[in-house]
Structure formats: structure tokens, C-alpha cells
Amino acid sequence: MRRLIISSLLVACLSSCTSAPPSTPGDGHVEGPAPVAASCPTQKIAFTRDTGCVNDGSVEFCLPTGDEALVARVRDIAPAIQAGSSRGRASCDVPAETLYLFPTGDAECVARHGALEDAAWDQVCRIAALPEVREIVPTWYE
């Protein structure tokens, strides 16, 4: 009898440790930070993590103009992105595309003209993983 009670308690305790079912859109669940990129689409990135800060203060990419939902998704990944007003080194097709700059300052870089911090590299990878992003390139001003 004692073993049955202990077994029942053990089952009850273990079943309370199971994770909650995944949330579905619109169920009122507030999303946390976006997950880490599972794999980085480096074929879309014109630099490596080690050379990610070898630029004039940012890396850049194009997004379709007017797609505010997409811009919001990218801002969820990298809140510090800024819109530009030219084609940039990313060769955006203005006016159909808008240039966006991802900063590579002290918060994103291990050292000036050095490697990207792990968190910044993850953000770049997650942006590159979006199908709307063709390429991410270093910014060079002339």
C-alpha cells in the first residue's frame, strides 16, 4: 500500500513538471524574444562573424517598401535598425525597396573593426534568414 501511495505521488509530481502546450497566434500569449537562429544562412551575408565590424559603422540590407509588418518583424529581431534614403551598398531597387542599416558600434562589436558579439551575429543571421532579404553587406561611405 505504501508503495502505491509513493508511486501515485511521484506520478503526480512528475506530471506537474511537463511543459505547457505551445501557444498559437491570437491566444493571448505574449511572445518572448525570438528564438536563436538554428543555422545561419551565411551565403546571404557578405562577411563573417569575425569581420562583421570591418565597415563604416553598420551593415545593410533591403526590404520591400511599405511592408510595415515585415519591418516590425525585423525590428523585433534588431530594434536598432535604421532606414536609409539611398540604394546603399546593398543596391536596393528604390522606390520598390528601402535600405536598412544594422549598427555595428560598441554594443555589437568585440572591438572597433573586429568581430560581432554573439548576440549581434545572431540578429544578423535571423535577418538573413528572412526570405525577403537577398543579401547583407558592409556599409562603406565614399
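Our subject is the structure that appears above.
Just so it is clear, the model here is predicted, and its values are computed rather than measured.

A. Representation of the packing of aromatic side chains in the model. Under the definition given, this model contains two aromatic pairs. For the pair F47 and W121, a centre-to-centre distance of 6.3 Å together with 70° between the ring planes defines the contact as edge-to-face. You can see F47 sitting in the loop between α1 (2–16) and β1 (58–64) and its partner W121 sitting in helix α3 (residues 118–128), a full 74 residues away along the chain. W121 matches F47 in its accessibility class, with the two residues each being buried. Judged by centre distance (6.1 Å) and plane angle (20°), the ring pair of F61 and Y100 falls under stacked. Of this pair, F61 sits in strand β1 while Y100 sits in strand β3 (residues 97–103), and the two are 39 residues apart along the sequence. Here F61 and Y100 have matching classes, each one buried.

B. Representation of the nonpolar core within the structure. In terms of nonpolar packing, the biggest core is built from 25 residues, with F61, F102, I127 and I136 touching the most fellow members. Going through the elements one at a time, β1, α2 (68–77), β3 and α3 are the ones with two or more residues in this core. No other element matches α3, which puts six residues into this core. The residues touching I127, leaving out its near neighbours within four places in the chain, are F61, V74, I77, A78, F102, V133 and I136. Residues C62, A90, C92 and L99 belong to the second largest nonpolar core, which totals six residues.

C. How the structure looks around the state of the cysteines. Inspection of the entire model under this criterion finds three disulfides. Across the disulfide, C53 is cross-linked to C109 (sulfur-sulfur distance 1.9 Å). Judged by the sign of its S-S torsion, about -95°, the bond between C53 and C109 is left-handed. Of this pair, C53 sits in the loop between α1 and β1 while C109 sits in the loop between β3 and α3; the two residues are 56 residues apart in sequence, bridging distant segments of the chain.

Procedures and definitions
- Residues numbered from 1 in each chain as written.
- Predicted model: local features only at pLDDT ≥ 70, side-chain atom pairs only at ≥ 80, totals over all residues.
- Heavy atoms only, no water.
- Phe/Tyr/Trp six-rings, centres within 6.5 Å; stacked < 30°, edge-to-face > 60°.
- Helix = DSSP H or I, 4+ residues; strand = E, 2+ residues; numbered from the N terminus.
- Buried < 20%, exposed > 50% of the residue type's maximum accessible area, 1.4 Å probe, protein only.
- Core = buried A, V, L, I, M, F, W, Y, C linked by side-chain atoms within 4.5 Å.
- Contact = heavy atoms within 4.5 Å.
- Disulfide = S-S within 2.5 Å.

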